[in-house]
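Architecture at a glance
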Amino acid sequence: SVERVRGVFAELRAQFDYIIVDSCPTPLSDAMVIGACVDAAVLVVRSGQSEESVVREACQRMLAARVPLLGGVVNGLPLGRRWLRYPY
């Protein structure tokens, strides 16, 4: 339950300055429960594997559940000159 998870986080906050949680994928209810108990969340996706529609749905579900979403990280981008240039 959310209250149980909140209790665990309250105990951890009393002992640590920072708590980083690597949770299960967003569509699973456990991730949404954890998300409701944290100060902020970052959505991590994998280039070439995470489907855009699934990522969009995950963002919408997190925002609807009032998970404080800071942004995202894309893992697995191919390295190359294209990623080293900035258009500005």
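Criteria and cut-off values
Residues numbered from 1 in each chain as written. Predicted model: local features only at pLDDT ≥ 70, side-chain atom pairs only at ≥ 80, totals over all residues. Heavy atoms only, no water. Helix = DSSP H or I, 4+ residues; strand = E, 2+ residues; numbered from the N terminus. Buried < 20%, exposed > 50% of the residue type's maximum accessible area, 1.4 Å probe, protein only. Contact = heavy atoms within 4.5 Å. Areas by Shrake-Rupley, 256 points an atom, 1.4 Å probe, with all protein chains shown as cover. Core = buried A, V, L, I, M, F, W, Y, C linked by side-chain atoms within 4.5 Å. Right-handed = clockwise from strand over helix to strand, strands pointing away. Salt bridge = Lys/Arg side-chain N within 4 Å of Asp/Glu carboxyl O. Patch = residues over 30% accessible without salt bridge, like charges linked within 9 Å, V, L, I, M, F, W, Y side chains within 5 Å.

1. Comments concerning the overall build of the protein
- Within the protein, the secondary structure is distributed over four helices and two strands.
- Order of helices (α) and strands (β) in the protein, N terminus to C terminus: α-α-β-α-β-α.
- A buried classification covers 15% of the 88 residues belonging to the protein.
- Relative to all contacts within the protein whose residues are 6 or more apart in sequence, the contacts with residues 24 or more apart total 71%.
- Element-wise, carbon and sulfur atoms account for 54% of the exposed surface of the protein, whose accessible area totals about 7400 Å².

2. Some words on the environment of Arg6
- Counting through the fold element by element, Arg6 comes out in helix α1 (residues 2–15).
- As for Arg6 and Val38, which are separated by 32 residues in sequence, their C-alpha atoms are 8.5 Å apart.
- Dropping the residues within four chain positions of it, Arg6 is found in contact with Ala36 and Cys37.

3. Observations regarding unusual backbone geometry
- Of note in this structure, Arg66 is not a glycine but carries a positive phi near 65°.
- Structurally, Arg66 can be placed in the loop between α3 (52–64) and β2 (69–75).
- The exposure class of Arg66 is exposed, given its relative accessible area of 74%.

4. Some words on the nonpolar core
- Among the nonpolar cores identified, the biggest contains seven residues, and these are Met32, Ala41, Leu43, Val45, Ala58, Met62 and Val67.
- Sorting the residues of this core by element identifies β1 (41–46) and α3 as the ones contributing at least two each.
- For this core, the element with the most residues is β1, which contributes three residues.

5. Digging into the pairing of β1
- Side chains Ala41, Leu43 and Val45 project from β1 onto a buried face, and the interleaved Val42, Val44 and Arg46 project onto a face without burial.
- Once you follow β1 into α3 and on to β2, the crossover reads as right-handed.

6. Observations concerning the pattern of salt bridges
- Counted under the stated rule, the structure contains three salt bridges.
- For Asp39, the salt bridge identified is with Arg13, shortest N-O distance 3.2 Å. Taken together, the residues span a long stretch of sequence, with Asp39 in the loop between α2 (29–35) and β1 and Arg13 in helix α1 at a distance of 26 residues.
- Given the relative accessible area of 63%, Asp39 is considered exposed.

7. Here's the deal with a nonpolar patch on the surface
- A surface patch of nonpolar side chains, about 360 Å² in accessible area, is lined by Val42, Val44, Leu70 and Val73.
- Summarising the element assignment, Val44 is placed in strand β1.

Geometric values such as these leave the question of function open.
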